[in-house]
Amino acid sequence: MAVKIEKDTIIGSVLDIAPQSAPLFMAIGMHCLGCPSSRGETVEEACMVHGIDCDGFLAQLNRFLEACEAAEVEKADVQ
């Protein structure tokens, strides 16, 4: 995997790297992803504010990104 998201990763960086991850943040109640304050939070801070288990969310987020990356590789191999 090229990118691994950690607790101290800034949400804006996650969204810049993988905009397709936005629905995962929306699912934990982070509906204001375009706001400067939310984009500047770490994943850990967002989880704390929204009452979400950070380790569980990070596992889900990183699995999602791995699956997206694998799909991209598979798509490139087919072409």
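To start, this report covers the structure provided alongside it. This one's a predicted model, so the numbers in the text were calculated from it and none came from an experiment.

A look at the pattern of salt bridges
Then, in step 1: Enumeration according to the criterion identifies 2 salt bridges in this entry.
Then, in step 2: With a closest N to O distance of 3.4 Å, Asp55 and Lys7 form a salt bridge. Linking Asp55 in helix α5 (residues 54-78) with Lys7 in the segment before α1 (11-17), this pair joins segments that are 48 residues apart in sequence.
Then, in step 3: Look at Asp55 and you get partly exposed, because its relative accessible area is 48%.
Then, in step 4: In this structure, Asp16 engages Arg39 in a salt bridge whose closest nitrogen and oxygen atoms are separated by 2.8 Å. A residue pair is termed long-range when its members are at least 10 positions apart, and Asp16 in helix α1 and Arg39 in helix α3 (residues 36-39) qualify at 23 residues.

Parameters at a glance
- Residues numbered from 1 in each chain as written.
- Predicted model: local features only at pLDDT ≥ 70, side-chain atom pairs only at ≥ 80, totals over all residues.
- Heavy atoms only, no water.
- Salt bridge = Lys/Arg side-chain N within 4 Å of Asp/Glu carboxyl O.
- Helix = DSSP H or I, 4+ residues; strand = E, 2+ residues; numbered from the N terminus.
- Buried < 20%, exposed > 50% of the residue type's maximum accessible area, 1.4 Å probe, protein only.

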